[in-house]
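# Reading the structure
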Amino acid sequence: MTAHPAPNVRTDQDRNADTPADPQITARQKWMAVLARTSRARLEAEWSENHGAESWNHLREPQIGMVMVRGRAGGAGQRFNLGEMTVTRCAVTLSDGTVGHSYVKGRDRVQAQYAALFDAVMLRDGSASNFIEMLAKEQATAKRDHARKVAATKVDFFTLVRGEDE
């Protein structure tokens, strides 16, 4: 008996295919990645300074759970389960009905709440785009600086072949 994938199930090859992605989904993925890596203090300060008057409710209270982290051998090889990681998720609704969601690593319920609030604001009118662009630039700069420091300590190992070993 041959097993067949269920209809509408995407395989790894489908996900990695060079098909054009929806630009709205791609944009949301980018801002959610930036928000998930931003500290609770930065999100909280920006929210209270520029969006503090906004009325909202929890659609789903912040919840802590676990996800399985997967890796690839050599970065592009076969997938394997690396281990479990703690995440916090949250969903909020703004007063106009716009819903925002978030998943952040760790157990910080407040960070997940603010990330969901910024997601909702971005979906509604994009009013936090300057803040998110600034955060993205800061994170990219920090990543480049870290990569430079790591590259400076890189050691290349090689083996010399001696004639007597033949």
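Now for a look at the structure at hand. A quick note: this is a predicted structure, and the numbers were derived from the prediction, not measured.

## Observations regarding the packing of aromatic side chains
For the structure on display, the rule yields two aromatic pairs. Pairing Trp-47 with Phe-118 gives two aromatic rings, centres 5.4 Å apart and planes at 85°, and the pair type is edge-to-face. One end of the pair, Trp-47, is in helix 3 (residues 40-50); the other, Phe-118, is in helix 4 (residues 109-124), and 71 residues separate them in sequence. In terms of burial, Trp-47 and Phe-118 fall into one category: buried. Three or more aromatic residues joined by ring pairs make a cluster, and in this case those are Trp-47, Phe-118 and Phe-131.

## Brief notes about the packing of helix 3 against helix 4
For the pair helix 3 and helix 4, interaxial distance at closest approach is 9 Å and the crossing angle is 45°. As far as their axial angle goes, helix 4 and helix 3 are oblique. Classified by chirality, the crossing of helix 4 by helix 3 is left-handed. Of the residues in helix 4, those touching helix 3 at Arg-40, Leu-43, Glu-44, Glu-46 and Trp-47 are Val-110, Gln-111, Tyr-114, Ala-115, Leu-117, Phe-118 and Val-121.

Procedures and definitions
Residues numbered from 1 in each chain as written. Predicted model: local features only at pLDDT ≥ 70, side-chain atom pairs only at ≥ 80, totals over all residues. Heavy atoms only, no water. Phe/Tyr/Trp six-rings, centres within 6.5 Å; stacked < 30°, edge-to-face > 60°. Helix = DSSP H or I, 4+ residues; strand = E, 2+ residues; numbered from the N terminus. Buried < 20%, exposed > 50% of the residue type's maximum accessible area, 1.4 Å probe, protein only. Axes fitted to C-alpha atoms, helices over the stretch in contact; angles between N-to-C directions. Parallel < 35°, antiparallel > 145°, perpendicular 65-115°, else oblique. Left-handed = near helix turned anticlockwise from the far one by under 90°. Contact = heavy atoms within 4.5 Å.

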